[in-house]
Each structure stands twice: as C-alpha cells, then as structure tokens.
Amino acid sequence: MSKGLAIVVTGANGGVGFGICHRLLVQLSSPNPPDAQPLFKLEVPGTTYASVAGDSRIVDEYTFDADAGVTIIMACRDLKRAEDARARLYGLLDKHISKLRTGSEEERYARKFRKNVRLELERLDLSSVRSVLDFGRAVTQKYEYLSHLIFNAGTATYSHLDVLGFAWDLIRFPIHACQHPRRNIQVNGVLSKDNLGYTWQCNVFGHYVLYRSVQPLLIAYADKVGSSARVLWMSSLDAEPEFDPSDDWQLTKTMHSYQASKFQIELIAAELERRTLEAQETGRASNMSELVAPHGEIHHLVVSPGVTATNMSSLLNIPIPGWRWLMLTAFFLVRLIGSTHVLMSLYAAAVSAVHFALVPLRAVPTVRNSPRLSPADVEYPFWHSYYGKTGSRVQLLRFGSENDRWGNERPGVIAVPVWEEHPSAGEVLLERFERLYEAFEMAEATRGIGKAGNGQAA
C-alpha cells in the first residue's frame with residue numbers, strides 16, 4: 001500500500017455519505033483541492049493543535065499526490081446498492097475530468113488520479129456489534145493503515161410527520177421549522193438485535209466500536225506517513241440533550257432518540273479530543289489512555305451536513321402525493337429568505353466533512369484559538385433545549401455545511417454550549433461505552449475460541 005489517503009465512509013451508498021464520496025473524488029482529483037485551503041481567520045494563531053509530544057515527524061496536514069493513490073472504503077449494509085453507488089461515483093468523476101481543459105496541468109493530474117483511485121466495498125451493519133467487529137477484522141487484514149474515518153451513517157425511529165403541525169410551523173417560523181423541526185414524530189423502546197437501543201447503536205455506539213476496532217490502523221497511518229489521522233463524527237443541527245444520562249443513556253425511553261444520539265456523538269467526540277490534546281501536550285492521557293493514540297496522533301472533529309433532502313425523509317411516512325417536490329420547494333424558499341443551513345444538493349452538504357477532512361489542522365478553529373465564538377451567537381426556536389440557556393461556556397465546536405441564498409456552499413462553525421446540568425456527561429458516557437465495547441469484544445473472543453475447539457473456523 002502506498003502513502004495515499006485511505007478513508008472509510010459509513011453509509012456511503014446514498015444520501016450525504018454518497019455526497020461525501022463524490023466531493024472527495026472531485027477535490028482530490030485536483031493538485032490543490034479547494035476544500036483543503038484554510039478559510040477561517042483564527043483569533044489566537046498558534047494555539048490550535050500542539051505538536052505531537054516526542055515525535056516531531058508528525059505533521060497536521062496532508063500531501064496530495066496523484067501517484068500515491070487514494071482509497072475510499074465504502075462501508076455499507078447493502079452491497080448491491082453499494083456496487084451501484086460505486087459505478088455512479090466513477091461515472092461522476094469521469095464526467096468531472098472530461099470538463100477540464102484538455103492538456104492542462106489539472107487534466108493531466110486528474111487523469112493520473114483516476115488511474116490510481118480505488119473505491120472499495122465492505123459490508124457494515126451498525127445495528128450489529130458482530131458485524132462491526134467483523135468489519136474491523138476484515139479491514140485490518142486488507143489494509144496497512146487508515147487515514148480517516150468519516151462516521152456518516154445514521155437513522156431514526158420515525159413513525160410519521162405531523163403534517164398540519166409542520167405546515168403551521170412553516171408558515172409562522174419558516175427557517176426554524178426546517179432547521180430545527182419539532183414535528184418529526186418518533187417512537188421509543190425500539191431495540192437492536194443486540195438488545196441495545198436501536199437508534200443509539202446505529203448512530204453512536206456502532207461507530208464507537210468501529211473506531212476502537214480499527215484504532216491501530218489509524219495509528220499505523222501516522223507512523224508510516226507522518227501525518228495525524230482524523231475521525232469525523234457526523235452530528236446534526238437537531239442535536240439536543242434530550243435524555244436522562246443516569247438511566248436512559250441507550251436512549252430507549254426518550255421520545256427524541258435521534259436528537260439525543262447526535263448530542264451523544266458530540267459529547268463522545270469532544271471527550272476523545274480532549275484526551276487526545278492531553279496526550280499531545282503531556283505525552284499521555286490521564287486516564288483510560290488506551291482510548292486515544294499514544295501521543296495524540298488521532299484527532300476527532302464534529303461535522304454536520306446542515307439540512308438537505310435524503311432518503312431518511314421516507315421514514316416519516318408522509319401521506320401526500322408529490323411530497324418530495326413540496327419539500328424541495330420549501331427548502332428552496334427557506335434558503336432564499338435567509339437560511340444558511342438548508343442546502344439543495346448532497347455535494348454541497350458534504351462541504352463541511354470534506355473541508356475538515358483535508359484542511360491543515362492548524363487552520364481549524366478551536367475553543368482556544370477562537371474564544372469569541374459563543375453559543376449565544378446562535379438563535380434557537382422556543383421549543384429547542386438550548387433556547388434561553390446558551391451561556392458562555394463552550395463544550396465543543398460543530399462544523400456545519402452552509403450556503404448563501406444563491407447556493408454557494410461553505411463550511412461554518414457553531415459553538416455548542418456545555419450541558420450545565422450534567423457537565424461531566426461526556427466522560428461518564430465514554431467510560432460506559434468502553435465497558436460495553438470490552439464486553440462485546442470478550443464475548444466475540446470466547447465465541448471464536450469455542451468455534452476453534454469444535455473444529456470450526458473462527
């Protein structure tokens with residue numbers, strides 16, 4: 001395996017995951033990817049990411065080389081749909097290259113990139129821990145390292161859309177109705193085949209298990225190439241602390257498991273990054289050091305696609321003919337009147353994930369280098385958990401896809417407030433996640449020993 005990027009994208013066969021793969025291909029087919037260029041003006045330069053303790057070889061940016069090749073691993077539950085998506089992605093890349101000026105440096109680079117890029121398919125069912133662990137073993141056997149994990153896949157246990165309520169919200173609060181919808185009705189108590197909260201496992205815990213199972217491959221990338229690896233956790237504008245952390249951390253009781261799962265993603269990613277920076281600066285995380293790279297070689301960022309039309313909307317069981325066209329019309333009008341978070345294409349919605357996957361880390365805003373960013377900068381509707389509670393303390397920065405009213409996309413940043421009622425929720429959750437992960441891993445090891453004892457292949 002060469003020194004090219006090796007990127008896992010979950011849920012890559014459709015929706016935003018497909019858009020991320022498409023955008024990665026277009027951007028990386030350029031010798032100077034536009035999405036890799038610094039965009040944010042940092043208030044306190046030089047306080048971004050500490051140099052990796054004890055290893056000055058590790059840098060915070062990537063070298064783009066068409067000869068090195070790029071591997072995008074499309075992690076999908078349905079391999080037939082994944083095969084169709086792969087063919088479409090190759091076709092989109094070929095179409096992009098065909099529009100470049102013949103004989104130009106850009107075209108020569110792109111054609112060389114096309115020759116060396118690989119779209120690989122791997123089966124992954126996040127609702128099954130065994131499937132996630134099998135994915136980790138398969139990837140470990142096939143690949144020498146991984147440079148990125150982009151945790152895009154997600155689901156929700158919707159029952160229906162309150163159509164009349166949504167229409168009323170759309171008339172009275174058009175921007176809030178689209179950016180922070182409250183009429184997507186969910187059901188609770190849905191369990192996975194592992195007897196865990198279904199939405200929680202698919203959106204949060206399954207991805208945590210995936211991270212832990214391939215963590216050595218991320219460290220191997222830093223060791224081989226000399227650049228830090230990255231994990232991008234996909235959150236949402238819908239993320240809210242809508243659960244009781246003491247007795248509903250698997251989100252089976254809350255009626256807002258989707259919003260709560262996205263909020264847990266933010267808590268987990270922020271806690272992992274806090275420990276990463278601690279390992280960078282001191283040489284070791286203070287506790288549970290096995291969860292991060294030895295010297296902070298793996299960074300965790302939280303991104304969001306904004307609001308865009310995906311197949312998830314079909315889970316709302318909307319009983320109106322032509323509702324997709326009505327939804328797109330509403331999105332277009334809301335964007336036109338000033339919503340920056342409603343995007344009309346999957347390619348545009350992928351801008352935040354791809355930008356923060358490729359840009360040098362020293363150009364990434366943080367709480368330390370951008371102290372003026374405040375939760376109070378964001379206007380929330382009266383039905384949102386953050387309404388009237390956005391104090392000055394910042395939990396993390398969420399990087400979202402935005403655009404202007406004419407559709408010119410860009411990455412943006414939102415300061416997420418500390419959950420004042422439970423300020424240590426991230427640390428508590430991470431410990432619970434790790435204990436559960438270890439229990440499943442031990443059960444799988446015992447199962448493998450049992451199979452071997454019975455003369456079966458483990």
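Let me begin by describing the structure that accompanies this report. (Residues numbered from 1 in each chain as written. Predicted model: local features only at pLDDT ≥ 70, side-chain atom pairs only at ≥ 80, totals over all residues. Heavy atoms only, no water.)

Some words on the packing of aromatic side chains
Next up, step 1: Considering all chains together, one arrives at 20 aromatic pairs under this definition.
Next up, step 2: For the ring pair Phe243 and Trp419, a centre distance of 5.2 Å and an interplane angle of 55° mean the geometry is tilted. Pair noted here: Phe243 is in the loop between β7 (229–234) and α8 (257–282) and Trp419 is in the loop between β10 (409–417) and α12 (425–453), with a separation of 176 residues, a long-range link.
Next up, step 3: Residue classification places Phe243 among the buried residues on the basis of a relative accessible area of 8%.
Next up, step 4: According to the relative accessible area criterion, Trp419 is buried, its value standing at 9%.
Next up, step 5: Positioned above the aromatic ring of Phe18, the side-chain terminus of Arg88 is 4.2 Å from the ring centre. (Phe/Tyr/Trp six-rings, centres within 6.5 Å; stacked < 30°, edge-to-face > 60°. Helix = DSSP H or I, 4+ residues; strand = E, 2+ residues; numbered from the N terminus. Buried < 20%, exposed > 50% of the residue type's maximum accessible area, 1.4 Å probe, protein only. Lys NZ or Arg CZ within 6 Å of the ring centre and 35° of its normal.)

Some words on unusual backbone geometry
Next up, step 1: The backbone of Leu251 sits at a positive phi, close to 65°, despite the residue not being glycine.
Next up, step 2: Of note, Leu251 is situated in the loop between β7 and α8.
Next up, step 3: Owing to a relative accessible area of 5%, Leu251 belongs among the buried residues under this scheme.
Next up, step 4: Of note in the backbone geometry, Asn317 takes a positive phi value of approximately 50° without being a glycine.
Next up, step 5: Secondary-structure assignment places Asn317 in the loop between β8 (298–304) and α9 (323–336).

Quick word on helix α3 (residues 105–116)
Next up, step 1: The first and last C-alpha atoms of α3 sit 17 Å apart over 12 residues, in line with the 16 Å expected at 1.5 Å per residue.
Next up, step 2: For α3, the full list of buried residues reads Glu107, Tyr109, Ala110 and Phe113. Projected down its long axis, α3 carries its buried residues within an arc of 160°, all on one side. Projecting away from the buried face of α3 at angles above 90 degrees are the exposed residues Glu105, Arg108 and Lys115. (Expected span 1.5 Å × (residues − 1). Arc of directions from axis to C-beta.)

Examining empty space enclosed by the protein
Next up, step 1: Overall, the coordinates contain two cavities of 30 Å³ or more when judged by the stated rule.
Next up, step 2: Computed from the structure, the largest cavity encloses a volume of approximately 40 Å³.
Next up, step 3: As for the largest cavity, its lining consists of Leu237, Ser304, Gly306, His341, Arg398, Gly400, Ser401, Glu402, Gly412, Val413 and Ile414.
Next up, step 4: Looking at the lining of the largest cavity, the elements that each hand over two or more residues are β9 (394–403) and β10.
Next up, step 5: Looking at which element gives the most residues to the lining of the largest cavity, the answer is β9, with four residues.
Next up, step 6: Residues of the lining of the largest cavity, tallied by class, amount to three nonpolar, six polar and two charged.
Next up, step 7: Within this model, the second largest cavity holds a volume of roughly 40 Å³.
Next up, step 8: Around the second largest cavity, the lining residues are Thr157, Val187, Asn188, Gly189, Val190, Tyr198, Thr199, Leu251, Thr252 and Ser257.
Next up, step 9: Partitioning the lining of the second largest cavity into residue classes produces four nonpolar, six polar and no charged. (1 Å grid on protein atoms, 1.4 Å probe; cavity = no way out; pocket = protein on both sides within 12 Å on 5 of 7 lines; lining within 4 Å. Points joined across faces, edges and corners; volume = space filled by probe spheres on them. Nonpolar A, V, L, I, M, F, W, Y, C, P; charged D, E, K, R; others polar.)

Everything listed here is a matter of coordinates, which is why it stays silent on function.
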